[in-house]
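# Report on the structure
As a plain string of letters, each chain reads:
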Amino acid sequence: MAIEAYMVNQKTTLKNGKVKLTRVKMYRGIARFKDDTGKWKSKKKGGFTKRSEAQQWVNHYIDTRDGKPNMTFESFYKYYPREIVNNFDDDGKEIKGSTIKTKDIVFQKHLLPYFGNKIMQDIDKKDIRKWRNHMKNQTNKQGKSYSYEYINTCHNQISALFNFGIRNCGLTKNPANEIARLKIDKSIQPRKTYFWTLEQYRIFANEAMENDLDYHLFQVLYWCGLRVKEALSLQIKNVDLKNKKLYIETTWGNYVSLDDDTSQMSYERGLTRPKNGFMRTVPIPQSLAEELEDYISRIYKYNDDTLLFPICKSTIDNHWRSIIKRAKLPYIKLHALRHSHASLLYHQGCSIAQIADRMEHKSENVTRIYVHVFEEDFSVITNKLDDLMRRSGS
């Protein structure tokens, strides 16, 4: 670490309009550190009017580069982004910008305000329990209490930070793991609708026909099972009408950049690689291909890179809610059209493995979550069992 003094010309405009140049002493801080390969590097920053200010910057930069157990929670978190931005998770996959942004929102909103000044190595399970009780008494923008699922999600982020500290910074314990997550009593949870039947979707589609773009976007979501951001990222070149296929090559996501001085993260929206990191091909029904051909023919002056559905997620969400209200259907999230597609395939006789392959699930266990069995199916099952019992004489 070093501080350099240097001289600069400072311009001052006098009352008579003339410019006066004055030689002014400034200070530059130089922070030296070892990178991940063990090589010595240096970071410089000038523009300080006092030597003490330059020294303060150097100390801060070094402290936030190398996480230490005796750092405050806030200072330690400033070190954390340096490791996750443009880095990889434990499975060797690059951490996506949307994941980093979600983490950052949780820390900025719920964790830094509470734990900010606490020393990392002094935080214990009592502190975690007090924070959790604090969260139970907080409300969101709509004035509703946070769900236990959401509090557990925040709890997981605390645990992730401590696990990182144990692996890299000399912490010896993870107090967040010493307390079980909040138990969710599903019996008292309000019943939710997670998907629509084919008949319900047809009612919705008829109502959505008023808007050409909306209708065709919803058709793609329901009949192809795409994720919403995948559908919104489709370009003309991704639609193969001749072979009746969609090529999923991108999705909308966040590019993350990190200010090296302040450790502040900034986000920029853009087309990124699809979820799970690889492209896939989705066959589409003949009828949908014909609808898309007609729709594309009406797009003004398009080329291969033209977006098929040039609309933002928040706008389509608003349209979605409005159409559901007009159609007087039970509310489901827009993403639930993907659930509905999985259930549709399941009830058409497709196997779990076939559905998992079409929807690009990493495992069949994920697909099982999506495949919700209609209530009337249970009566079919019991009727079959009843028939077997009667024939067997039991």
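Calculation criteria
- Residues numbered from 1 in each chain as written.
- Predicted model: local features only at pLDDT ≥ 70, side-chain atom pairs only at ≥ 80, totals over all residues.
- Heavy atoms only, no water.
- Helix = DSSP H or I, 4+ residues; strand = E, 2+ residues; numbered from the N terminus.
- Buried < 20%, exposed > 50% of the residue type's maximum accessible area, 1.4 Å probe, protein only.
- Contact = heavy atoms within 4.5 Å.
- Areas by Shrake-Rupley, 256 points an atom, 1.4 Å probe, with all protein chains shown as cover.
- Pairing = 2+ DSSP bridges.
- Expected span 1.5 Å × (residues − 1).
- Phe/Tyr/Trp six-rings, centres within 6.5 Å; stacked < 30°, edge-to-face > 60°.
- Axes fitted to C-alpha atoms, helices over the stretch in contact; angles between N-to-C directions.

## Focus: the overall build of the protein
For the protein, the count of helices and strands is 14 helices and eight strands. Residues counted as buried form 40% of the 394 residues belonging to the protein. For the protein, the proportion of contacts with a sequence separation of at least 24, taken over those separated by at least 6, is 59%. In the form shown here, the protein has an accessible surface area of approximately 23,400 Å², with 49% of it arising from carbon and sulfur atoms.

## Details of the pairing of strand β5 (residues 245-248)
Across the two faces of β5 the burial differs, with Leu246 and Ile248 buried and Lys245 and Tyr247 not buried at all. Taken together, the two bridges between strand β4 (residues 239-240) and β5 define a ladder with antiparallel strand orientation. Within the sheet, the bridge partner assigned to Asp240 lies in β5 and is Lys245. What sits between β4 and β5 in their antiparallel hairpin is a turn of four residues, with Lys244 showing a positive phi close to 55°. Bridge analysis of β5 against strand β8 (residues 280-283) gives four bridges, and the strand direction is antiparallel. Residue pairing for β8: Ile248 is matched across the bridge by Arg280.

## As for the environment of Tyr146
With respect to the helices and strands, Tyr146 occurs in the loop between α4 (125-136) and α5 (148-168). Not counting residues up to four positions away in its chain, the partners in contact with Tyr146 are Lys109, His110, Met135, Gln138, Thr139, Asn140 and Ile151.

## Concerning helix α7 (residues 212-224)
Between its terminal C-alpha atoms α7 stretches 18 Å, which fits the 18 Å expected from 13 residues at 1.5 Å a residue. Summarising burial for α7: eleven of the 13 residues are buried, a large majority. By the burial criterion, the buried members of α7 are Leu213, Asp214, Tyr215, His216, Leu217, Phe218, Gln219, Val220, Leu221, Tyr222 and Cys224. With its phi angle positive at about 70°, Gly225 sits one or two positions after the end of α7.

## Section: the packing of aromatic side chains
Per the counting criterion, the structure on display carries 16 aromatic pairs. Arranged with centres 5.0 Å apart and planes meeting at 70°, the rings of Phe204 and Phe218 form a pair that is edge-to-face. Linking Phe204 in helix α6 (residues 198-208) with Phe218 in helix α7, this pair joins segments that are 14 residues apart in sequence. Exposure class is identical for Phe204 and Phe218. Each is buried. A centroid spacing of 5.5 Å and a plane angle of 55° characterise the contact between Phe218 and Trp320, whose relative ring orientation is tilted. Here Phe218 is found in helix α7, whereas its partner Trp320 is found in helix α10 (residues 313-327), with 102 residues between them in sequence. Summarising the burial analysis for this pair, Phe218 and Trp320 share the class buried.

## As for the sheet that holds strand β1 (residues 2-13)
Within the open sheet, the three strands sit side by side as β1-β2-β3. Their pairing is antiparallel. Where the open sheet ends on each side, the last strands, each with one partner, are β1 and β3 (40-48). Geometrically, the sheet is characterised by an average inter-axis angle of 25° between neighbouring strands, direction not taken into account. For β1 and strand β2 (residues 19-34), the ladder comprises twelve bridges, and the chain directions are antiparallel. Opposite Thr13, over in β2, you have Val19 as the bridge partner.

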